[in-house]
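Close look at the chain arrangement
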Amino acid sequence: MRTLITNGQIVTAVDNYVADILIDGETIALIGRDLRSIVGEVDRTIDASGRLVIPGGIDPHTHMDLPFGGTSSSDDFETGTRAAAFGGTTTIIDFAVQYHGQALNEALDVWFGKAQGKAAIDYGFHLIVTDLPDNRLPELKGLIDQGVTSFKLFMAYPGVFLVDDGTIFKAMTEAGNHGGLVCMHAENGVVIDVLVKRAIAEGKTGPKYHALTRPTKAEAEGVHRAIAIAEMANSPVYIVHLSCYDALMEVQAARDLGLPVFAETCPQYLLLDDSLYQSDDFEGAKYVMTPPLRDRENHERLWRGLRGNDLQVISTDHCPFCFKEQKELGRDDFSKIPNGGPGVENRMSLIYHHGVVEGRIGLNRFVELTSTAAARIFGLFPKKGTVAVGSDADLVIFDPDREQTISAATHHMRVDYSAYEGWKVKGVTETVLSRGRVIVDNGQWQGKAGDGGFIKRGTFS
Ligand code: URP
Ligand code: ZN
Ligand code: ZN
């Protein structure tokens, strides 16, 4: 199958020019002007005049079909990857979970089972490690050799995911020695646990107490500690879902010293704020995620961090739970509200609109933050994350001028609310190719569950 995309404005992390792209099979074969006259017969031509042609988005932080908080996230690999594609994301890196007593491989196999036959776009896995006695340490290399080259460790959720500092140190040392990367959920979960129990005992049970019991200092302390342990372990570290300026200052200080410290933030921490918890009804439960939404003062500071490269990636932490029946599990106790929110479909348009259209970042930086940087950090580049000869033909034809209104009534995520209900954004994903196949054609679904493949990722360099 040969496809020719003509006259698109090709934007990568570094380029911006108008040209044609010839796709042969799954990869980009040729880029140049007026290719029609030299390439001969093709199976399909797509006119991209007036459109951006960008590398498919890479969302390195999703939770499809995650058992959490007494229920499971409402998107599985079929619905979640289809929604991702509609929003211009062609690769996700999802989090498999190792439960206590499980071998790391056994845990990974469960997530392979969840994704196979369902994912409509390519996917990789990080592994959440919760139980790492010394005899399991060599298993980390085993996973790295299979292309699962990053691990998530939690400083929060005691009794569920939290691991102690010694385990973090050992995991970072071992992973670092073999080209693996540790992703840290950095929050002081032990202090938070005390605050949560105290609030509940005082009858403070509404959603707003979720935010009030997870102060920014608890996140900043976690980030500081994660960086210090990584430095002692002589390993890189990647801070996930960084939400506030207090935490960003820790990353900034480390990067100023030249340490290999990386961090992502998410659209919700750039665009939504803690006033959403204030209503007396239960609506605030829609925004119960960890870390919580912060004071809006943080927003422009995080954007500045993105501009200055102290933050390298925008992921979503897509972890949806329906308001009905799932978020409602915590109606009488905020600590029982399943933590997480939807977003995989909205990321590219939200960041294009609030970043590029509103003048906070340029076009190249938009591509870098939503695709290229994640590809580089997580061992996918240059197969993914750019538009280049030999790269996978994961391409998004993006209409920079069209507007859309975000709504649960029209989104494709399997969740009964939108965190951005009624928001108008300029910049819409029109057509999406995944390894050369058109999976979204002018807004129409053409993809197929199971066509997405597992991507064996390279090591961190
Ligand atoms: O609230 C969140 N973020 N849920 C997903 C789990 C995590 O910590 O990323
Ligand atoms: Zn987390
Ligand atoms: Zn997460």
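Residues numbered from 1 in each chain as written. Chains lettered and ligands numbered in written order. Predicted model: local features only at pLDDT ≥ 70, side-chain atom pairs only at ≥ 80, totals over all residues. Heavy atoms only, no water.

The subject of this paragraph is the site of ligand 1. Lining the immediate surroundings of ligand 1 are 13 residues, of which K152, H185, T290, D317 and N339 lie closest. Side-chain polar atom of D317 to a nitrogen atom of ligand 1: 2.6 Å apart, as the coordinates give it. For ligand 1, a nitrogen atom lies 3.1 Å from a polar atom in the backbone of N339. Its atoms largely coinciding with the cavity grid, ligand 1 occupies the largest cavity. Here the shell around ligand 1 is built from residues that sort into four nonpolar, seven polar and two charged. (Near = heavy atom within 4 Å. Polar contact = N/O pair within 3.5 Å; in protein donor to acceptor, adjacent residues only side chain to side chain. 1 Å grid on protein atoms, 1.4 Å probe; cavity = no way out; pocket = protein on both sides within 12 Å on 5 of 7 lines; lining within 4 Å. Sits in = over half its atoms within 2 Å of the grid points. Nonpolar A, V, L, I, M, F, W, Y, C, P; charged D, E, K, R; others polar.)

So, about the side chain of D310. Considering the arrangement of structural elements, one finds D310 in the loop between α11 (297-307) and β15 (313-314). Judged by relative accessible area, D310 falls into the buried class, the value being 13%. D310 has contacts with L248, V251, Q252, R255, A263 and G305, leaving out every residue within four places of it along the chain. (Helix = DSSP H or I, 4+ residues; strand = E, 2+ residues; numbered from the N terminus. Buried < 20%, exposed > 50% of the residue type's maximum accessible area, 1.4 Å probe, protein only. Contact = heavy atoms within 4.5 Å.)

Attention shifts here to the nonpolar core. M184 and I239 are the most contacted members of the largest nonpolar core, which totals 119 residues. Setting aside residues up to four positions removed in sequence, M184 forms contacts with L153, M155, I168, M172, A226, V237, Y238, I239 and V240. (Core = buried A, V, L, I, M, F, W, Y, C linked by side-chain atoms within 4.5 Å.)

Scanning the model with the defined rule gives 33 salt bridges in all. With a shortest N-O distance of 3.5 Å, E328 and R331 are connected by a salt bridge. Taking relative accessible area as the criterion, E328 reaches 28% and is therefore assigned partly exposed. (Salt bridge = Lys/Arg side-chain N within 4 Å of Asp/Glu carboxyl O.)

Inspection of the secondary structure puts E421 in the loop between β16 (395-405) and β17 (424-434). E421 sits in the partly exposed class, given a relative accessible area of 44%. On a C-alpha basis, the gap between E421 and G159 in space is 35 Å, while along the polypeptide they are 262 residues apart. Setting aside anything within four residues of it in sequence, one finds E421 in contact with I406, S407 and A408.

Here the focus is the coordination of the zinc ion (ligand 3). Binding of the zinc ion (ligand 3) to the protein goes through H61 (NE2), H63 (NE2) and D317 (OD), at separations of 2.0 to 2.1 Å. If you look at the zinc ion (ligand 3), its four donor atoms make angles of 87 to 130° with each other, and the shape they trace is tetrahedral. Separating the zinc ion (ligand 3) from the zinc ion (ligand 2) is a gap of 4.0 Å. Considered together, H61 and H63 belong to a single accessibility category, that of buried residues. (Donors = N, O, S within 2.8 Å, 3.2 Å for Na, K, Ca; no water. Tetrahedral: all angles 85-135°; square planar, octahedral: opposite > 155°, others 65-115°.)

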